[in-house]
Amino acid sequence: MGRTIPESDAAEIFVRLAEAMPGRTANAKGPKGQPDAFRSCISCMLSAQSLDRNTAKAARALFDLAQTPEDVLELDDRDIAAAIKPCGLYNVKTRNIRKFCQALLAEHGGLVPSTRKGLLGLPGIGRKCADIVMSFTFGTDVIAVDTHVHRVCNRIGLTDAKTADVTAQQLEARAPKWALRDGHFWLIQFGKKVCTARAPKCESCPVSDLCLWYAERSAQ
DNA sequence: ATCCCGAGGG
DNA sequence: CCCTCTGGAT
């Protein structure tokens, strides 16, 4: 791997981000407050190419109509699409949600599997959703990589990957285990507030002295 | 590599 | 107007 920072710097970055971006990865809760893997899966599918606020609106509308996979399958596609419309891509997402519920019932008795292999076998669940469910709902030490995490990690030099999947693999190998689960949250906050896609705010960045991109930019 | 689809920001 | 937003299927 060409362009990565030393392991010790990687650990230091997570220490600083935990300090600068206070908060933790939240557990998905069901209607009665218990962890709810089914809602976690559906919410994650809805979140594709969508703002958090719109995802939340769509999820609320859908869960208002249906709480279980059986409930969802009794709905008409048009009702599902109408409910989740705020989050965009609603036709594709409607089809995926239906397939997901069918497979969940047919292959897992309606119970969401807790392993990556089991989750990835379900239609509509890719690596990112699988990792979200594993870490958010089942408390597994994996780091979910979305567009923010992917961008930030490769810019800093925590990882050196072209795809989010490879970023996830490299992070699991390089990041301290204690930082994996909550690291998702810290890196997202960092990506939203400081290390933005365009015009990152390096002046107020807590890790710019360890950042490869900043060093390269400063050298020009 | 491209399509699905749409709100919102700069 | 172009880009972004916690993707996945074909």
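The structure this text deals with has already been given above.
Worth saying up front: this structure is predicted, and the values here are computed from it rather than measured.

Peer 1: For this particular structure, what's the right way to read the packing of aromatic side chains?
Peer 2: Aromatic rings in a pair are described by how distant their centres are and how their planes are angled relative to each other. With the rule as written, the count across this model stands at 2 aromatic pairs. An angle of 20° between the planes, with centres 6.2 Å apart, marks the rings of Phe38 and Phe100 as stacked. One end of the pair, Phe38, is in helix α2 (residues 37-46); the other, Phe100, is in helix α6 (residues 90-108), and 62 residues separate them in sequence. By the burial criterion, Phe38 is buried, and Phe100 matches it. On the basis of an interplanar angle of 55° and a centroid distance of 6.2 Å, the ring pair of Trp178 and Trp186 is categorised as tilted.

Peer 1: Explain the nonpolar core to me, please; I cannot follow it from the model alone.
Peer 2: Within soluble globular proteins, side chains that are nonpolar generally end up buried alongside one another. If you look at the biggest cluster of nonpolar residues, it comprises 34 residues, and the most contacted ones within it are Ile42, Ile97, Phe100 and Ile125. Those elements that place two or more of their residues in this core are α2, α3 (52-65), α5 (77-84), α6 and α8 (127-137). Discounting residues that sit within four places of it in the chain, Ile42 has contacts with Leu62, Phe63, Ile97 and Phe100. By size, the runner-up hydrophobic cluster in this structure holds 28 residues, among which are Ile5, Val145, Cys153 and Cys211.

Peer 1: Can you walk me through α2 in this structure?
Peer 2: Owing to its 3.6 residues per turn, the α-helix brings residues three or four apart onto one side. With 9 of 10 residues buried, α2 lies mostly within the body of the structure. Regarding α2, the residues found buried are Ala37, Phe38, Arg39, Ser40, Cys41, Ile42, Cys44, Met45 and Leu46. Capping the start of α2 is the job of one residue whose side-chain oxygen sits 3.0 Å from the backbone nitrogen of Phe38: Asp36.

Peer 1: Sorry, what's going on with the state of the cysteines here?
Peer 2: When the sulfur atoms of two cysteines share a covalent bond, that bond is a disulfide. The full count for this structure, using the stated rule, is 0 disulfides. Its sulfur unpaired, Cys211 is 6.4 Å from the next cysteine sulfur, which belongs to Cys195. The class of Cys211 is buried, set by a relative accessible area of 10%.

The rules we used
Residues numbered from 1 in each chain as written. Chains lettered and ligands numbered in written order. Predicted model: local features only at pLDDT ≥ 70, side-chain atom pairs only at ≥ 80, totals over all residues. Heavy atoms only, no water. Phe/Tyr/Trp six-rings, centres within 6.5 Å; stacked < 30°, edge-to-face > 60°. Helix = DSSP H or I, 4+ residues; strand = E, 2+ residues; numbered from the N terminus. Buried < 20%, exposed > 50% of the residue type's maximum accessible area, 1.4 Å probe, protein only. Core = buried A, V, L, I, M, F, W, Y, C linked by side-chain atoms within 4.5 Å. Contact = heavy atoms within 4.5 Å. Polar contact = N/O pair within 3.5 Å; in protein donor to acceptor, adjacent residues only side chain to side chain. Disulfide = S-S within 2.5 Å.

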